[in-house]
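A structural walkthrough
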Amino acid sequence: MTYIFAHRGSSKDCPENTMAAFKKAFKDGADGIELDVQLSKDGIPVIIHDEKIDRTTNGKGYVVDNTYDELSQLDAGSWFSKKFNKESIPSLQLFLEWITPLPMLLNIELKNNIVEYNGLEEKVLQLLHHYGMMDRTVISSFNHYSLVKIRRLNNYVQTAPLYSSGLFEPWEYVKAVCSQSAHPNYKSLHPYIMKGFKRNNIPVRPYTVNSQKWMKYFFEWGAEAIITDYPILARELLTAFHHIPRADFFKNSDQTFYNEKEKL
Ligand code: G3P
Ligand code: MG
């Protein structure tokens, strides 16, 4: 059974990475939540996607140049709709207080591929340990050095490299960065790649799967999870899944790329 992860919460209906979006995801029947974490100027893990606060708040500048106190006073909802004007940038701690008693999974994305946040890995692990969330969390990042660092610090928590294009035999790469699962852009997933992951027992959680066509495809392929802005739609489709006729999404696709290995 494929799990449904809400991408930045239910971000189609609510401002991304806010408590409103996370609470809506739970109500929508998501199994888990994906969120993005960075550090404030005073070293507090905060939940926000962009390195700058300009797009999703009424502030300006970099996350890293503002203290948690300053960040938490910003309006993080009005850019999406006036009715969310009470939403703010949550700290990871505030979020963990909320999710811990709920039967939900968690995907923390370390957003440290542009700004290098010293101590981010240690702080996230310490919070997961404190809240007893280690065994239902997967830590992902586009910064794969950071994933190797997580593994050095903690031999238990699950990690997953994020990537967006055609890695050669990505199941081997996942092992090279000491991870157990993969979080690829869904467009990079061809049946050849899905089969390779399956053969190597590596769970795949593609992002960001918002169309019915791709949701059905990944349900059929037995992806471990999909990461979607639209968990309510994914839940409806998954419930009806057994009545959906099998589709062949790749019948016209060019297999040439994926035969290169056989020619070597
Ligand atoms: O973790 C999946 C996805 O969130 C990665 O890309 O830019 O939406 O954080 P982005
Ligand atoms: Mg993300």
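Presented here is a report on the structure given in the accompanying data block. The written sequence of each chain sets the order in which its residues are numbered from 1. The order in which chains are written sets their letters, starting at A; the order in which ligands are written sets their numbers, starting at 1. Note on the predicted model: pLDDT of at least 70 is required for a residue's local features to be given, and 80 or more for side-chain atom pairs to be given and counted; whole-chain, interface and lining totals, by contrast, use all residues. Hydrogens and water molecules were not included; the side-chain quantities draw on all heavy atoms of the structure.

1. Let's talk about the pattern of salt bridges
- Criterion for a salt bridge: a side-chain nitrogen of Lys or Arg within 4 Å of a carboxyl oxygen of Asp or Glu. Counting across every chain of the model gives 12 salt bridges.
- Put simply, Arg235 and Asp31 hold a salt bridge, and the shortest N to O gap is 2.9 Å. Taken together, the residues Arg235 in helix α9 (residues 231-239) and Asp31 in the loop between α1 (19-27) and β2 (32-39) connect sequence positions 204 residues apart.
- Here Lys111 and Glu109 are joined by a salt bridge, their closest N and O atoms 2.6 Å apart.
- Residue classification places Glu109 among the buried residues on the basis of a relative accessible area of 4%.
- One network of salt bridges, with partners in common, ties together Arg8, Glu16, Asp36, Asp50 and Arg55. Every helix listed is a DSSP run of H or I at least four residues long, and every strand listed is a run of E at least two residues long, numbered separately from the N terminus. Residue exposure (1.4 Å probe, protein chains only): buried if accessible area is under 20% of the type maximum, exposed if over 50%, otherwise partly exposed.

2. Description of the site of ligand 1
- Being near a molecule or strand, for a residue, comes down to having at least one heavy atom within 4 Å of it. The immediate surroundings of ligand 1 are formed by His7, Arg8, Glu34, Asp36, His49, Glu109, Lys111, Phe142, Leu162 and Tyr207.
- Side-chain atoms alone can form a polar contact between residues adjacent in sequence; in general such a contact is a pair of N or O atoms within 3.5 Å, and within protein one must be able to donate a hydrogen while the other accepts it. At a separation of 2.8 Å, an oxygen atom of ligand 1 approaches a polar side-chain atom of His7.
- One of the side-chain N or O atoms of Glu109 is found 2.7 Å from an oxygen atom in ligand 1.
- Here ligand 1 has 290 Å² of accessible area as a free molecule, and 90% of this is covered by the chains.
- Of the residues contributing to the shell around ligand 1, the split by class is 3 nonpolar, 2 polar and 5 charged. For the accessible areas, the method is Shrake-Rupley and the probe is 1.4 Å, while residue cover comes only from the protein chains on display. Residues are grouped as follows: Ala, Val, Leu, Ile, Met, Phe, Trp, Tyr, Cys and Pro are nonpolar; Asp, Glu, Lys and Arg are charged; all remaining types, including Gly, are polar.

3. Focus on the environment of Tyr3
- As for its position among the elements, Tyr3 is in strand β1 (residues 3-7).
- Looking at Tyr3, the relative accessible area reads 35%, which means it is partly exposed.
- C-alpha of Tyr3 to C-alpha of Val46: the two residues are 43 residues apart in sequence and 25 Å apart in space.
- Two residues qualify as a contact provided that any one of their heavy atoms is within 4.5 Å of a heavy atom in the partner residue. With residues up to four places along the chain from it excluded, the contact list for Tyr3 reads Asp31, Leu105, Glu224, Ala225 and Ile226.

4. Things to note about the packing of helix α8 (residues 212-220) against α9
- One can describe the packing of α8 onto α9 by two numbers: an axis separation of 10 Å at closest approach and a directional angle of 50°. The pairing of α8 with α9 is recorded here as oblique in orientation. The hand of the α8/α9 crossing is right-handed. Across from Gln212, Met215, Lys216 and Phe219 in α8, the residues of α9 making contact are Leu233, Ala234, Leu237 and Leu238. Angles here are taken between N-to-C directions and fall from 0 to 180 degrees, while the axes themselves are lines fitted to C-alpha atoms, restricted in helices to the stretch in contact. The cut-offs work like this: below 35 degrees is roughly parallel, past 145 is roughly antiparallel, 65 to 115 is roughly perpendicular, and the gaps in between are oblique. Crossings are sorted by hand: turned counterclockwise from the far helix by less than a right angle, the near helix makes the crossing left-handed, and turned clockwise it makes it right-handed.

5. Details of the coordination of the magnesium ion (ligand 2)
- With water excluded from the atoms, a metal site may look incomplete; its donors are any N, O or S atoms within 2.8 Å, or within 3.2 Å for Na, K and Ca. Around the magnesium ion (ligand 2), the protein contributes the donor atoms Glu34 (OE), Asp36 (OD) and Glu109 (OE), at 1.9 to 2.2 Å from the metal centre.
- Each donor residue of the magnesium ion (ligand 2) lies on the same chain, and together they follow the pattern E-x1-D-x72-E. Of the two residues, Glu34 sits in strand β2 while Glu109 sits in strand β4 (residues 105-110), which places them 75 residues apart along the sequence.

6. A word on the side chain of Ser78
- The topology assignment puts Ser78 in the loop between α2 (68-72) and α3 (92-99).
- Residue Ser78 is classed as buried on the basis of its relative accessible area, which comes to 18%.
- Of the polar contacts made by the side chain of Ser78, one reaches the side chain of Asp75; its length is 2.5 Å.
- If near-sequence neighbours (up to four positions away) are discounted, Ser78 is found in contact with Phe84 and Asn85.

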